[in-house]
Structures are given as structure tokens and as C-alpha cells.
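# Reading the structure
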Amino acid sequence: ELNKKPISEIIYKNSNDVEKAKQLCIALERTPLHKGSESILRTPILVVLYTISYNYGEDIPDTLSQFYENIFDTVFFRHDNIKNKVVRERTWNDNRRIYREIFDCFCYLTQKEGAISFNRSVMTFNIGKSIEYVNEDSHLSDKISDELCSITNLIIEDGFNKYKFVHRSIQEFFTSSFCSLAPNLF
């Protein structure tokens, strides 16, 4: 579990300038997201996601759900814009909402299976089921799997043919998001 010093170091290393890093560190003193043992910033990846999400003037959220809600948009769109307007060609669709629905459903399916890590075929199978859930053709499940991994980095390759979520809480939040929008599944 990270304490104040490493959290500050990570923020300074990942901020676009020293003044912004200072603001982000000061903001941590006020936000309910970072209160003692209740802090969500327990791992380096969550601190990096915090820094990337709020590095460019975004308001720091008051709730945990707002923090996670912002993560997908940040890594899917804004993160590339931070990197000198990188344009990632999407194989299939430019609609963030559809990618988000697919990601939510994928998180739900893997959570339901109890899978915190999975091989490529399990990932593409569940992405395919998620694509079908949004009433699209699942024949591009392999390419969409690649896009979700490479664009968001919320799912990473961890060794040969092994994938996992960057943090278990990512899977949990987006599963909850899916369940809240798809109550007819229960």
C-alpha cells in the first residue's frame, strides 16, 4: 500500500508540469478519494490513472464512482490527445458509447466466470458475446479485443497469451456499471 511520498513522486513523474503536479497533490488533501485507509490510490496504476485523468483541468471527483466513470473516457479519448494528438485508427467504430458498452459487458462476463486473468481465446470469446449484446456482428471480436487493450490499457497482456485487468477494481466497477444499465439480466 502506497503512502504519501511515493504517491507524490508518481504524480510528479506523470504530470505535464510541476505546477499541475503540485495542484494534484494538494487536491488529494481535500478529496474523499484519499482519506487514510479508505484511499483508492493504493497502487501505482491507480495513481497514474488519477494523474492522467485530472492532469488537464478536470475537476477531481467527490465520489469513487465518478473517479472510475471518468477513467474509460480518459484512456479512450483524452489520453491520446495528451500525447500530441495521437490518432489511433479504429478497425470498427468511432463511437465511444459502443466500446464502453462492450467493455462493461466484457467485465460482467469475466466477473461472472470468476476470471481475473484469461487467455486470448477466452478474451475474444467474451468480447464476441459482448459485441452481440450490443446487437453488432461479433466477427471482429479479435480486432476489437486488440483495440480495447491497446487504446485503453485497462486490460494488459501479462506474459504469453495471458491477459488481465490493470486492477481488480476496474473489472468490479465496470461490472457494476453494466448491471445498473442492464437490470433485465437478473
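Residues numbered from 1 in each chain as written. Predicted model: local features only at pLDDT ≥ 70, side-chain atom pairs only at ≥ 80, totals over all residues. Heavy atoms only, no water.

### Comments concerning the nonpolar core
Nonpolar side chains in soluble globular proteins tend to end up buried together. Spelled out, the test is: Residues enter a nonpolar core if they are buried and are Ala, Val, Leu, Ile, Met, Phe, Trp, Tyr or Cys, with the set joined through side-chain atoms within 4.5 Å. Relative accessibility under 20% of the residue-type maximum defines a buried residue, over 50% an exposed one, and the middle range a partly exposed one, all with a 1.4 Å probe and only protein chains included. Working definition: helices are DSSP H or I runs of at least four residues, strands are E runs of at least two. Numbering for both runs from the N terminus. The criterion used for residue contact is that any of the two residues' heavy atoms lie within 4.5 Å.
Core analysis: the biggest nonpolar cluster contains 49 residues, and I11, Y50, F67, F103, L154, I155 and I170 have the highest contact counts within it. At 7 residues, helix α3 (residues 44–54) tops the list of elements feeding residues into this core. Once residues within four sequence positions are removed from consideration, Y50 is found in contact with I11, L24, A27, L28, L41, I60 and F67. By size, the runner-up hydrophobic cluster in this structure holds 5 residues, among which are C105, L109, F178 and A182.

### A short note on helix α7 (residues 141–152)
To keep it simple, the criterion reads: For a helix, the expected span equals 1.5 Å multiplied by the residue count minus one.
A rise of 1.5 Å per residue sets the reference length of α7, with its 12 residues, at 16 Å; its end C-alpha atoms lie 16 Å apart and thus fit the reference within 8%. Those residues of α7 that sit buried are S141, I144, S145, E147, L148, C149, I151 and T152. Within two residues after α7, N153 carries a phi angle of roughly 60°, on the positive side.

### Comments concerning α3
Structural remark: α-helix, 3.6 residues per turn; residues separated by three or four positions point the same way. Along α3, 9 of the 11 residues are buried, which leaves the element largely enclosed by surrounding structure. Among the residues of α3, those classed as buried are L46, V47, V48, L49, Y50, T51, I52, S53 and Y54.

### Considerations on the pattern of salt bridges
Counted only if it meets this: The working definition used for a salt bridge is a side-chain nitrogen of Lys or Arg within 4 Å of a carboxyl oxygen of Asp or Glu.
For the structure on display, the rule yields 9 salt bridges. E29 is the partner of K4 in a salt bridge, and the nearest nitrogen-oxygen pair spans 3.4 Å. With K4 in helix α1 (residues 4–14) and E29 in helix α2 (residues 18–30), this residue pair connects regions lying 25 residues apart in the sequence. With relative accessibility at 48%, the residue E29 sits in the partly exposed group. The residue R120 makes a salt bridge to D146 at a minimum N-O spacing of 2.6 Å. Residue R120 is found in helix α6 (residues 120–133), and its partner D146 is found in helix α7; the two are separated by 26 residues along the sequence.

### What about the packing of aromatic side chains?
Spelled out, the test is: Classification of ring pairs uses Phe, Tyr and Trp, with its six-membered ring standing for Trp, and accepts pairs whose centres are within 6.5 Å; under 30 degrees between planes counts as stacked, over 60 as edge-to-face, and the remaining range as tilted.
For the structure shown, the criterion picks out 12 aromatic pairs. Ring centres of F106 and F118 lie 5.4 Å apart, and the angle between their planes is 85°; on these two criteria the pair is classed as edge-to-face. With F106 in helix α5 (residues 96–113) and F118 in strand β1 (residues 117–118), this pair connects stretches of sequence that are 12 residues apart. Of the two residues, F106 and F118, both sit in the buried class. Through pairs of rings, three or more aromatic residues link up here, namely F67, Y68, F72, F103, F106, F118, F165, F173 and F174.

### What to know about the environment of P61
Structurally, the position occupied by P61 is in the loop between α3 and α4 (64–82). Overall, P61 belongs to the buried group, its relative accessible area being 5%. On a C-alpha basis, the gap between P61 and P32 in space is 8.5 Å, while along the polypeptide they are 29 residues apart. With residues up to four places along the chain from it excluded, the contact list for P61 reads T31, L33, Y54, Q66 and F67.

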